[in-house]
Protein chains: 2
Amino acid sequence: MLVRKTDMPPGMSFREAARKTVAMCVSDFAAKGARPDSFLVSLGVPRGTTEAQIKELARGFKDASIEWRVKLIGGDTNEADDLVIDCVMAGFAENIVTRSGARPGELVVTTGYFGYPPSGLRVLMENAHATKDFRDRAVRSVFHPVPNLELGLGLARYMDSSMDSSDGLAICLHTIADMSHVGITLDQLPVKRDVRKFARENHLQLNELVFGGGEEYLIVGTIKREHLEKARECASAAGGVLLVLGQVTREVGKVVIQEEHGRTTPIGRIGWTHLS
Amino acid sequence: MLVRKTDMPPGMSFREAARKTVAMCVSDFAAKGARPDSFLVSLGVPRGTTEAQIKELARGFKDASIEWRVKLIGGDTNEADDLVIDCVMAGFAENIVTRSGARPGELVVTTGYFGYPPSGLRVLMENAHATKDFRDRAVRSVFHPVPNLELGLGLARYMDSSMDSSDGLAICLHTIADMSHVGITLDQLPVKRDVRKFARENHLQLNELVFGGGEEYLIVGTIKREHLEKARECASAAGGVLLVLGQVTREVGKVVIQEEHGRTTPIGRIGWTHLS
């Protein structure tokens, strides 16, 4: 469910919002290894919305249909105070990768680098300072997220647990740890130099950008060591990467990051928590 | 999609709203002859909503789960300016009754009497005058609609076209006529004396209450004459009725009501039209 006031920062078009609502579902399917087939959309539309704006929404749904080969098969419309776009998707899977399958000794992996969407939001909402290149990349990650469906579908056979990162990396790690009754120790952050620089220059906590932002639409999960090589080939074939962040431990519920000199720091449960 | 401002008149509880959102889907399934299995809910919740209110919503979803034996299997939550509840339902059917199967000579039927929900809204919103009994019945039809799922499932095998009446009787008749390339001539209204009296006493157009209200969650459809008796037994076994309103004609797109003395009056396309 996308709500204009909450989820559409200044400058985001109706077309991008419509496409993104579908992308949010595609990302969930990618993380579970399920091929999406079709989607339904409920639109809550405020009085005063123009026909041109409705057509923009339709274009966004069409963009998504083409991009991920999914069909818009129905939905509902209503009047609302603010634009609301709710999308639900149906598809097929032979198996579903759960959030409860992580086992001690497995590797914790993800399909990309974190921190761009929260950086983009700070550029858009708080006028944070950024180079043109970084600004473009970060803002684009907000307006035009690209979940890698083919990567998710290929990767699914190697993953023992997984979750879409839209609620943030910390929530993913904690949820997988809780549901699998394990702990997780990271020994590196999935973050590039540009995000580090952006955080430093804007006096932002790097950990908040990496762990608490969300909306990266990446996959976070765990995998047996012996599957790593094949999984990496698979990610690469789909134009993506697979980063190893750390490993699953027996220390139930303990989600930490290993600092230099052996000290560990707990990773807080920051990010989007439903009905908190 | 239910939106508080648009769809929750004064006095309607969160629990009733949640249950009604599911009822809206159940009614669609009943009209199509499909047995619902499970549903997902997206909630848009305004800041300041209390835990007690969220629990009320949960109770409403539970009411619906028990009433129609459906399982709440997932969904989403978000922050919104106004309460938004969006429900989607999944289930099973061997065949789907379409809106395009009406053939000239068939009978036009419905599974109950119209006009209570729009009367209830006028009582609640405009303080229309009504007896206590009528007020109770009309308001209850708004707060606690009861689509007859078993009736719909039983009736489906006899219907050649059908549609759920939530957008209003006129929309149903016009949609079936358009999609089936036929006309429809009614010779009676599905309305009881109490609604006639309410209309008269409040100087309301009876036709508006009957044709343009919507939210009755009844089934409107067409059926071959030779199936009428069995269909009626089936409706009766499910605790309902089957009313014959008129017949399907060859006069494509002509949706009329036959008055006394043989004159016909067109039935306007009043009711809820998506994105009009």
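Note that the structure is a prediction, hence the values are computed from the model and not measured.

Draft legend 1. Focus on the pairing of strand β8 (residues 219-223) of chain B. Residues and elements named next belong to chain B. Of all 5 residues that make up β8, 5 are buried, and the element is covered over most of its length. Residues I219, G221 and I223 point to one face of β8 and V220 and T222 to the other, with burial holding for every one of them. Pairing analysis gives 4 bridges linking strand β5 (residues 107-110) to β8, with the strands arranged antiparallel. Paired with V108 across the two strands is T222, which belongs to β8. Taken together, the 5 bridges between strand β6 (residues 159-164) and β8 define a ladder with antiparallel strand orientation.

Draft legend 2. Region of the structure containing the sheet that holds β6(B). Residues and elements named next belong to chain B. Here we have 7 strands laid out as an open sheet, ordered β6-β8-β5-β9-β7-β10-β11, and mixed in their pairing. Of all the strands in the sheet, just β6 and β11 (264-266) have a single pairing partner and so form its edges. Taken over all neighbouring pairs, the strand axes of this sheet differ in orientation by 30° on average, direction set aside. Strands in contact with helix α2 (residues 14-32) are β6 and β8; relative to β6, the strand with the most contacts, it is inclined by about 170°. Helix α7 (residues 169-180) contacts β5, β6, β7 (183-186), β8 and β10 (255-258) of the sheet and is inclined by roughly 140° relative to β6.

Draft legend 3. Fine view of helix α7 (residues 169-180) of chain A. Residue and element names in this part refer to chain A. For α7, built from 12 residues, the straight-helix expectation of 16 Å at 1.5 Å per residue is met to within 8% by its first-to-last C-alpha distance of 16 Å. Within α7 the residues assigned to the buried category are L169, A170, I171, C172, L173, H174, T175, I176, A177 and S180. Packing partners of the buried residues in α7 comprise β5 (107-110), β6 (159-164), β7 (183-186), α9 (206-211), β8 (219-223) and β10 (255-258). Directly beyond the C-terminal end of α7, a positive phi value near 55° is found at H181.

Draft legend 4. Expanded view of the relation of the copies chain B and chain A. Of the transformation placing chain B onto chain A, the axial shift is 0.0 Å and the rotation is 180°, giving an RMSD of 0.0 Å. Read as a symmetry element, the transformation amounts to a two-fold axis.

Draft legend 5. Region of interest: the interface of chain B and chain A. The interface is formed by 24 residues belonging to chain B together with 24 residues belonging to chain A. A buried area of about 2,100 Å², summed over both sides, lies between chain B and chain A, and 58% of it is on carbon and sulfur atoms. Linking chain B with chain A are 2 salt bridges. Here A:D81 makes a salt bridge to B:K5, at a shortest N to O gap of 2.9 Å. Of all the secondary structure elements, the ones that give two or more residues to the side of chain B that touches chain A are β1 (2-3), α1 (4-7), β2 (35-45), β3 (71-79) and β4 (84-92) of chain B.

Draft legend 6. Local environment of the confidence of the model for chain A. Of the residues in chain A, 99% reach a pLDDT of 70 or more, and the chain-wide mean stands at 96. For this predicted complex, the interface confidence comes out at an ipTM of 0.90, alongside a pTM of 0.92.

Draft legend 7. Examining the sheet that holds strand β3 (residues 71-79) of chain A more closely. Residues and elements named next belong to chain A. Taken together, the 4 strands give an open sheet; going across it, the order is β1-β4-β2-β3, and neighbouring strands pair in mixed fashion. Because the sheet does not close on itself, it has two edges, and the strands there are β1 (2-3) and β3. Pairing of strand β2 (residues 35-45) with β3, which is carried by 8 bridges, proceeds in the parallel orientation. Across the sheet, S38 pairs through a bridge with K71, a residue of β3. Against the sheet, helix α2 (residues 14-32) touches β1, β2 and β4 (84-92), its axis set at about 35° to β4. Most of the contacts of helix α3 (residues 51-68) go to β2, to which it runs at about 170°, and overall it touches β2, β3 and β4.

Draft legend 8. Just the environment of A:T50, in detail. Positionally, A:T50 belongs in the loop between β2 and α3. A sequence separation of 87 residues divides A:T50 from A:R137, and the C-alpha atoms of the two residues are 30 Å apart.

Draft legend 9. Focus on the side chain of A:S119. Checked against the element boundaries, A:S119 lands in helix α4 (residues 116-126). Note on A:S119: relative accessible area 0%, which makes it buried.

Draft legend 10. Representation of the pattern of salt bridges in the model. In the structure shown here, the tally under the stated rule is 32 salt bridges over all chains. Here A:D178 and A:R269 are joined by a salt bridge, their closest N and O atoms 3.0 Å apart. Pair noted here: A:D178 is in helix α7 and A:R269 is in the segment after β11 (264-266), with a separation of 91 residues, a long-range link. Residue A:D178 is classed as partly exposed on the basis of its relative accessible area of 33%. Here B:E215 and B:K20 are joined by a salt bridge, their closest N and O atoms 2.7 Å apart. You can see B:E215 sitting in the loop between α9 (206-211) and β8 and its partner B:K20 sitting in helix α2, a full 195 residues away along the chain. Its relative accessible area of 24% is what places B:E215 among the partly exposed residues.

Draft legend 11. Up close: unusual backbone geometry. All names here are of chain A. One non-glycine residue with positive phi stands out, namely H181, at about 55°. Relative to the helices and strands, H181 is located in the loop between α7 and β7. By relative accessible area, which is 58% here, H181 ends up exposed.

Draft legend 12. Here's a closer look at the packing of aromatic side chains. Going through the model one piece at a time under the given rule, you end up with 6 aromatic pairs over all chains. Following the ring pairs from residue to residue traces out a cluster consisting of A:Y116, A:F134 and A:F198. Its guanidinium or amino end placed over the ring of B:Y116, B:R137 lies 3.8 Å from that ring's centre, counting from NZ or CZ.

Draft legend 13. Looking closely at the side chain of B:T110. Residues and elements named next belong to chain B. Examined against the element boundaries, T110 turns out to sit in strand β5. Among the residues examined, T110 registers a relative accessible area of 0% and is labelled buried. In contact with T110, other than residues within four places in its own chain, are P190, L218, I219, V220, V241, L242, L243 and L245.

Rules of the game
- Residues numbered from 1 in each chain as written.
- Chains lettered and ligands numbered in written order.
- Predicted model: local features only at pLDDT ≥ 70, side-chain atom pairs only at ≥ 80, totals over all residues.
- Heavy atoms only, no water.
- Buried < 20%, exposed > 50% of the residue type's maximum accessible area, 1.4 Å probe, protein only.
- Helix = DSSP H or I, 4+ residues; strand = E, 2+ residues; numbered from the N terminus.
- Pairing = 2+ DSSP bridges.
- Axes fitted to C-alpha atoms, helices over the stretch in contact; angles between N-to-C directions.
- Contact = heavy atoms within 4.5 Å.
- Expected span 1.5 Å × (residues − 1).
- Least-squares fit on C-alpha atoms with pLDDT ≥ 70 in both.
- Buried area = accessible area lost by both parts, 1.4 Å probe.
- Salt bridge = Lys/Arg side-chain N within 4 Å of Asp/Glu carboxyl O.
- pLDDT = per-residue confidence, 0-100.
- Phe/Tyr/Trp six-rings, centres within 6.5 Å; stacked < 30°, edge-to-face > 60°.
- Lys NZ or Arg CZ within 6 Å of the ring centre and 35° of its normal.

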